[in-house]
Number of protein chains: 2
Amino acid sequence: MQSLLELRHLKTLAAIRDAGSLTRAAERLFLTQSALSHQLRQLEAHYGLPLFARKTAPLKLTPAGDKLVQLADAVLPMIANAEREVAKLREGEAGSLRIAVECHTCFDWLMPAMDTFRERWPEVELDIVSGFHADPVQLLFEDRADLAIVSVPEAETGIAHLPLFAYDMVALLARDHPLAAKAYLEAADFADETLITYPVPDDMLDLVRQVLRPAGINPKRRTTELTVAILQLVASRRGVAALPGWSVQHYLERDYVAARPITATGLRAELNAAVLQDRAGTAYLQDFVAIVREVCVAELPGIQLTGA
Amino acid sequence: MQSLLELRHLKTLAAIRDAGSLTRAAERLFLTQSALSHQLRQLEAHYGLPLFARKTAPLKLTPAGDKLVQLADAVLPMIANAEREVAKLREGEAGSLRIAVECHTCFDWLMPAMDTFRERWPEVELDIVSGFHADPVQLLFEDRADLAIVSVPEAETGIAHLPLFAYDMVALLARDHPLAAKAYLEAADFADETLITYPVPDDMLDLVRQVLRPAGINPKRRTTELTVAILQLVASRRGVAALPGWSVQHYLERDYVAARPITATGLRAELNAAVLQDRAGTAYLQDFVAIVREVCVAELPGIQLTGA
DNA sequence: GAAAATAATGAGTTTGAATCATATTAGGCT
DNA sequence: AGCCTAATATGATTCAAACTCATTATTTTC
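Before going into details, it helps to say that this report is about the structure given with it. What you see as residue numbers is a count from 1 along each chain, following the sequence as written. Whichever chain is written first becomes A and whichever ligand is written first becomes 1, with later ones labelled in order. The predicted nature of this model means local features are confined to residues of pLDDT at least 70 and side-chain atom pairs, given and counted, to a pLDDT of 80 or more, with totals for whole chains, interfaces and linings taken over all residues. As a convention, hydrogens and water are excluded, and side-chain values are obtained from all of the structure's heavy atoms.

**Some details on the protein's contact with DNA strand D**
Close to DNA strand D lie 20 residues; A:Thr23, A:Arg41, A:Arg54, B:Thr32 and B:Ser34 are nearest. Expressed as a percentage, the sugar and phosphate content of the atoms of DNA strand D within 4 Å of the protein is 58%. Pairing of N or O atoms within 3.5 Å defines a polar contact, subject to two protein rules: one partner must be a possible hydrogen donor and the other a possible acceptor, and residues neighboring in sequence count only if both atoms are side-chain atoms. Measuring from a base oxygen of DNA strand D, one finds a side-chain N or O atom of A:Ser34 at 2.9 Å. Within the side chain of B:Gln39, a nitrogen or oxygen atom sits 3.0 Å from a phosphate oxygen of DNA strand D. Across the surface near DNA strand D, the residue classes tally to 4 nonpolar, 12 polar and 4 charged. Consider each residue's heavy atoms; a residue with any of them within 4 Å of a molecule or strand counts as near. Residue classes follow a fixed rule: Ala, Val, Leu, Ile, Met, Phe, Trp, Tyr, Cys and Pro count as nonpolar, while Asp, Glu, Lys and Arg count as charged, and any other residue, Gly among them, counts as polar.

**Topic: the relation of the copies chain A and chain B**
Copies overlap after least-squares fitting; the atoms used are the C-alpha atoms of residues with pLDDT of at least 70 in both. Laying chain A over chain B is done by rotating through 180° and shifting 0.1 Å along the axis; what remains is an RMSD of 0.1 Å. One copy is carried onto the other by what is essentially a two-fold rotation axis. Every residue pair with non-hydrogen atoms within 4.5 Å of one another is taken to be in contact. Of the interface residues in chain A, 100% have counterparts in chain B that sit at the interface too, so the contact is made through matching surfaces.

**Some words on the pattern of salt bridges**
Oppositely charged side chains can pair when the atoms bearing their charge come close. Residues and elements named next belong to chain A. In what follows, salt bridge is the name for a side-chain nitrogen of Lys or Arg lying within 4 Å of a carboxyl oxygen of Asp or Glu. Summed over the entire model, instances satisfying the criterion amount to 38 salt bridges over all chains. Residue Arg-98 is joined to Asp-146 by a salt bridge in which the shortest nitrogen-to-oxygen separation is 2.8 Å. You can see Arg-98 sitting in strand β3 (residues 96–101) and its partner Asp-146 sitting in the loop between α6 (136–141) and β5 (147–150), a full 48 residues away along the chain. Working definition: with a 1.4 Å probe on protein chains only, accessible area under 20% of the residue-type maximum means buried, over 50% means exposed, and in between means partly exposed. Given a relative accessible area of 5%, Asp-146 falls into the buried group. Here a helix means four or more residues in a row that DSSP labels H or I, a strand means two or more in a row labelled E, and each is numbered from the N terminus.

**A look at the protein's contact with DNA strand C**
Every one of the 18 residues lining DNA strand C counts as a neighbour, but A:Thr32, A:Ser34, B:Thr23, B:Arg41 and B:Arg54 are closest to it. Considering the 4 Å shell around the protein, atoms of DNA strand C inside it are sugar or phosphate in 60% of instances. A distance of 3.1 Å separates a base nitrogen of DNA strand C from a polar side-chain atom of B:Gln33. One of the side-chain nitrogen or oxygen atoms of B:Ser37 is found 3.3 Å away from a phosphate oxygen of DNA strand C. Where the surface near DNA strand C is concerned, the elements lending two or more residues are α3 (33–47) of chain A together with α2 (22–29) and α3 (33–47) of chain B. Here the surface near DNA strand C is built from residues that sort into 3 nonpolar, 11 polar and 4 charged.

By themselves these figures say nothing about function.
So this is what it looks like as structure tokens:
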């Protein structure tokens, strides 16, 4: 009759509620579906009551399950808070988090993440390193930034890369564009198109670096700073573009433009947070990464959290 | 950097704070001192901070330890509450807890325990079965009581015994009584004394049942209902008595009377809660037992929790 | 200072949580 | 219907880590 319940169980229950299924909850927790099924089974046996109504999708909470999930919602933030407090005792309250961003679309999720961070670490000086920088990692060494959002984690001594998430790039076409007839686009398809991109070096454009350049294809270019402007140009048949799937979901649902996978296997991209190796253990840096992952998994469709 | 913390750790930290030492905390948790030492070590390594200031007795909390213990104080009651709520969903809110008591001194701790119970289970009808009963277990079968506090757990079919705690009986003597010169009393020492007891059958008097009767000794008797009256009579040299150590600590500190162990090894007694076997799983009955144990371990000196 | 109590440590054992591989069940589709 | 696909359940196995045991080190007490 000992209380079997551990925090692990509360995390699991909350994750199932959030994810709506064991399988997806398992992914988020970096466990197997089997593990969650066993856990749930054990809990239900212990309490002598079902906690979720199965045979329904999404899984629905029973009253008993609801009680425990409510408990989780109350308790887990308190745990996280206390652990932050302990980290502050260890490292002191102060510090700065100057964020360097090389990816234009990242501002979508960066703002809500920064809002949450500001609440949790009010003493940490929070800033975005303004202006555009070809090599944001360099800013870390120059002590002009504390964390850089980068897509290619090229191993560099003294730099640690903390995984954020991965996603697929999609090609954007006018709805009546001839290429929209294809199930997916290949490098050759871009040869005679105008490619609309952000005004950044080619190295930072996943499509160019991973698809076009290897195939020796170099289409005409047009650049603009704003995501909406890119969408606008594509819609008015001035060219094609490649953007993260999550950044254009909104427009796709409204049928502004068409989207197609790039190559048969898709064009996978990922984002990482780069920090100085020495500071990788700092609690508030790690917590910022955790916040970004939380925000993004909740708000961005079709992304996968990376790393352990 | 995963959060290592589990409820187990919070329970441990709170227990160490309450007990003041690893050894005593380990007893309460039914673990070894080694287990707690390892746990603590791991937590401190994880947080990179000491949680208790060692080399001091009682162990004192560091600021970091304090944060986590505060967390435990906030979280653990919430957990217990939620689990009670789930039990109520399973078993329904209603029910009755009519308590039969054969031990006069038990009222000392029974009242605070009942107060706590009433808070936690407001829907359960709570009562003490009034009047004195030679065989309280019989009341369970007759459905006149739901739980009986008994000292001798004689195996009876249909009855389950839930362990409460164990303690030593002490012999009480006037401060200047000749026997007070002895380090401990034996059966023979009672032969020429007047024994002051509660007015109950001999079977319920641990001293008679376990020490005097086996030795064939049957001293003069005098009975009274009230513990204070027994103390009064002992102090005024009208006789000697045997009471649980925990029930007279208060008077001993004030030097009203002297206390001595009974036999060289002490006279050990224990209390159990008897319930109908069928109802032994009922949540509120189990919780009442848990409450009694909590209250008693906190308030009664020199007792040991029994059972697992 | 010696003895007793308490905590720390390291090796060894055991438990149980997670995984892997597979069976079962539910839901969607023609 | 009936098949196919996706999701969950189950049982056996693996493996990590929590605990105990035996011992040493440290601290408290008299």
